[in-house]
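Listed below are the residues making up each chain.
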Amino acid sequence: MADIVLDHVYKRYPDGTLGADDVNIEIADGEFIILVGPSGCGKSTTLNMIAGLEDISDGELRIGGTRVNEKAPKDRDIAMVFQSYALYPHMTVRENMGFPLKLAKWSKADIDKKVTEAAEILDLTQHLDRKPANMSGGQRQRVAMGRAIVRSPKAFLMDEPLSNLDAKLRVQMRTMVSKLQQRLETTTVYVTHDQTEAMTLGDRIVVMKSGVVQQIGSPQHLYDQPANLFVAGFIGSPSMNFVPGTLENGGLRTSLGNLRMPDHIRRVLEAADAPREIIVGIRPEHFEDAGVVEDHLRDTGSVFSAEVDVLESMGSDKFAYFKIEGERAMSDDLAQLEADAGTADVPDGGGQLVTRLSAASTAREGQSSEVWVDTDKMQIFDPHSGANLTSRDPATANA
Amino acid sequence: MTATAPANKKVGWSVINLIVILYALIPVLWIVSLSFKTADTISDGNFIPRSWTWSNYAQIFQIDLFTSALRNSIGIAIISTVIAVVIGTMAAYAIARLDFPGKKALVGVSLLIAMFPQISLVSPLFDIERAVGLFDTWPGLILPYITFALPLAIYTLSAFFREIPWELEKAAKMDGATPLQAFRSVIVPLAAPGVFTTAILVFIFCWNDFLFAVSLTSTSRSQTATVAISQFTGASQFAEPTGSIAAAAVLLTIPIIIFVLFFQRRIVAGLTSGAVKG
Ligand SMILES: Nc1ncnc2c1ncn2[C@@H]1O[C@H](COP(=O)(O)OP(=O)(O)O)[C@@H](O)[C@H]1O
Ligand SMILES: [Mg+2]
């Protein structure tokens, strides 16, 4: 076990692509850290540099305090689980799992003992003599895990290990990975493009975009205090709503109407010298049907009315989708998020507002509804830099 | 109607298969038949011999030249095959996996060698081998065989290597393997079907060669079986050695059949399935 430090690490590919751009991450011993971001953001590049499968162009990588830039993968004592599982097809499950130990010149008896032990943990005992070709995706995945854990390495690296599984199995395996990591207490770097996986698994999350680390923090921290529009839009499902707004005479005018400006936000905006045109970000759960909001709360927010486009009742609560007129919030970060989600050219003039209302809401599809918004919780972003002006987190407001 | 359509198709294919098999097999069977005929019935035109005899086979083993030639053929073909396959495997791996300057040129040159008319090289090779003392030796044949077998080996093998998922090699590296260990215990076993296919092709090429063998050898020291057969003489000056030639030809095909049968079991299609999610 060991800590892993990426110190101003760069990766320049021969064709000039900057795969990793000044990446700084300090991963504590035993920590479960997630690299997350849209496809092509440099997650695999970063992971492969830690593994030693890609050279580091610049900067330093330290594992357990020693520089390992020049060390071959086999000398780093790190195990990796690949998205494709990468099992050796000509070996049985037993041989696959024992392979790292065989290379480390363990005795036959010791290998057998260790493999049997790992197979028990992973529920693979009855499959030990099968070949990977006739196993299911989930089983292969577990064999890949088994091969990684047998030799108790300093760290585990996993590159989208669950993305080839179907949705239900993915949830099961997610729990398994989480339990396994807690049990082994081995430093783990886990790559995924799925924010749900990131939120549920990690001690800390590293959000990346175009090779640049956007923010590092606990899942809750990233959710509550996103450093910029990109993180705000990427973390959370359904994602945060963004509406363009104008700061005027101490008030806030948006397409939802004039919103109440809480004192603490006003102070931060003044201190940050906010531009006139801004983007307001509000999470779906910070809306409520005005009819069910308790009176003493009504004054801490604003109420607007709009027509319910679609209503999805989930039993415990209701998701109401509103069409909002006027401009859509525009910024590079948001454009990139939309491109990634494939919603860039969904034809809706203004934009859609996703709200989560309580089950008691009387909102009806096609009818106008009064909606209350908790303005204390709104976040204000600079449309040009994308920075979160209301973030109370100075350390991460630098992106 | 729907049931008979596939049945018709099946019959059609069977007929075509049968024709192809007969086309390929009848000359072979004819030779086999000739090899069992007695000298006086050999030209009677019967497909099934009327009187059977082993004498043709017995006869060729009395020719010293033939037994030594058989030894030479086996030795030279096996050594050439092993060397060509080993070198070809490594070269093909480099071509399939690595990006190095001059890669295209290398592939081009090896293709050029394969296309080069061998007959035009015979007299220069003859002169060179005479000058350096390789004429009428095993290495004198093994060297040109390797040269001409290598392009073939590299081509077939690099096609196989390209099919092997690269991630397997990365996985091996992460599991603690040196590049050589990864190559030996992961890549080569997976490329085995390719290696065996190549081995068969190269072996057949060396085994069947007549041109180099007849030009670069002169005595029983290194003459191969194909050459020996061409030098059979009949019982008298006027008798054609048809029976002996047929028997020798049948004998010569046996090692190839054994070789193919032996390796065929290892040529299992889809060996790589299950490595990565397909
Ligand atoms: N071998 C390579 N040569 C050139 N560019 C590459 C190479 N590998 C990855 N890239 C580029 O680097 C960027 C990051 O890639 P990658 O780390 O694989 O992304 P992710 O794993 O986050 O999807 C992408 O723009 C990709 O096109
Ligand atoms: Mg990737």
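If you're wondering where the values come from, they're calculated on a predicted model, not measured in any experiment. (Residues numbered from 1 in each chain as written. Chains lettered and ligands numbered in written order. Predicted model: local features only at pLDDT ≥ 70, side-chain atom pairs only at ≥ 80, totals over all residues. Heavy atoms only, no water.)

Observations regarding the pairing of strand β6 (residues 78-81) of chain A
Residue and element names in this part refer to chain A.
Inference 1: Here β6 shows a buried face lined by Ile78 and Met80 and a second buried face lined by Ala79 and Val81.
Inference 2: Across 4 bridges, the pairing between β6 and strand β7 (residues 155-159) is parallel. For Val81, the partnering residue across the bridge sits in β7 and is Met158. (Buried < 20%, exposed > 50% of the residue type's maximum accessible area, 1.4 Å probe, protein only. Helix = DSSP H or I, 4+ residues; strand = E, 2+ residues; numbered from the N terminus. Pairing = 2+ DSSP bridges.)

Structural notes on the side chain of Thr224 of chain B
Inference 1: Relative to the elements of secondary structure, Thr224 of chain B occurs in the loop between α9 (211-216) and α10 (225-230).
Inference 2: Non-local contacts of Thr224 of chain B, meaning those with residues more than four positions away in its chain, are made with Ala69, Asn72, Ser73, Ile76, Leu141, Asp209 and Ala213 of chain B. (Contact = heavy atoms within 4.5 Å.)

Observations regarding the interface of chain A and chain B
Inference 1: In this complex, chain A contributes 24 residues to the contact, which on the side of chain B involves 23 residues.
Inference 2: Between chain A and chain B, the buried area comes to about 2,200 Å², and carbon and sulfur atoms account for 64% of it.
Inference 3: Inspection of the region where chain A meets chain B yields 1 salt bridge.
Inference 4: Between Arg147 of chain A and Asp175 of chain B there is a salt bridge, with the nearest N and O atoms lying 3.4 Å from each other.
Inference 5: Between chain A and chain B we count 7 residue pairs in polar contact (both at pLDDT 80 or more) in total.
Inference 6: Secondary-structure elements contributing two or more residues to the side of chain A that touches chain B are β6, α2 (93-103) and α4 (137-149) of chain A. (Buried area = accessible area lost by both parts, 1.4 Å probe. Salt bridge = Lys/Arg side-chain N within 4 Å of Asp/Glu carboxyl O. Polar contact = N/O pair within 3.5 Å; in protein donor to acceptor, adjacent residues only side chain to side chain.)

Description of the nonpolar core
Inference 1: Formed by 99 residues in total, the largest nonpolar core has its most connected members in Ile4, Leu6 and Val189 of chain A together with Phe66 and Phe161 of chain B.
Inference 2: Residue contributions to this core peak at 15 residues, all from helix α8 (residues 179-208) of chain B.
Inference 3: Discounting chain neighbours no more than four positions away, the residues touching Phe66 of chain B are Ile60, Ala225, Ala228, Ile229, Phe232, Ala248 and Leu251 of chain B.
Inference 4: Grouped together as the second largest cluster of nonpolar side chains are 52 residues, Leu165, Leu180, Leu222 and Phe230 of chain A included. (Core = buried A, V, L, I, M, F, W, Y, C linked by side-chain atoms within 4.5 Å.)

Quick notes on the confidence of the model for chain B
Predicted coordinates in regions of low pLDDT should not be interpreted in detail.
All names here are of chain B.
Inference 1: Within chain B, residue pLDDT values average 86, and 91% of them lie at 70 or more.
Inference 2: Confidence drops under pLDDT 50 across residues 268-274; counting only partners more than four residues distant or on other chains, this segment forms 13 contacts.
Inference 3: Overall fold confidence for the complex sits at a pTM of 0.81, while the interface term, ipTM, reaches 0.83. (pLDDT = per-residue confidence, 0-100.)

Thoughts on the sheet that holds strand β17 (residues 317-324) of chain A
Residue and element names in this part refer to chain A.
Inference 1: Pairing in this open sheet of 5 strands is antiparallel, and the strands run β15-β19-β16-β17-β18 from one edge to the other. Every interior strand has two partners, whereas the edge strands, β15 (287-289) and β18 (351-358), have only one. For this sheet the average axis-to-axis angle between neighbouring strands, irrespective of direction, equals 50°.
Inference 2: Bridging between strand β16 (residues 302-313) and strand β19 (residues 368-373) involves 6 bridges; their strand directions are antiparallel. (Axes fitted to C-alpha atoms, helices over the stretch in contact; angles between N-to-C directions.)

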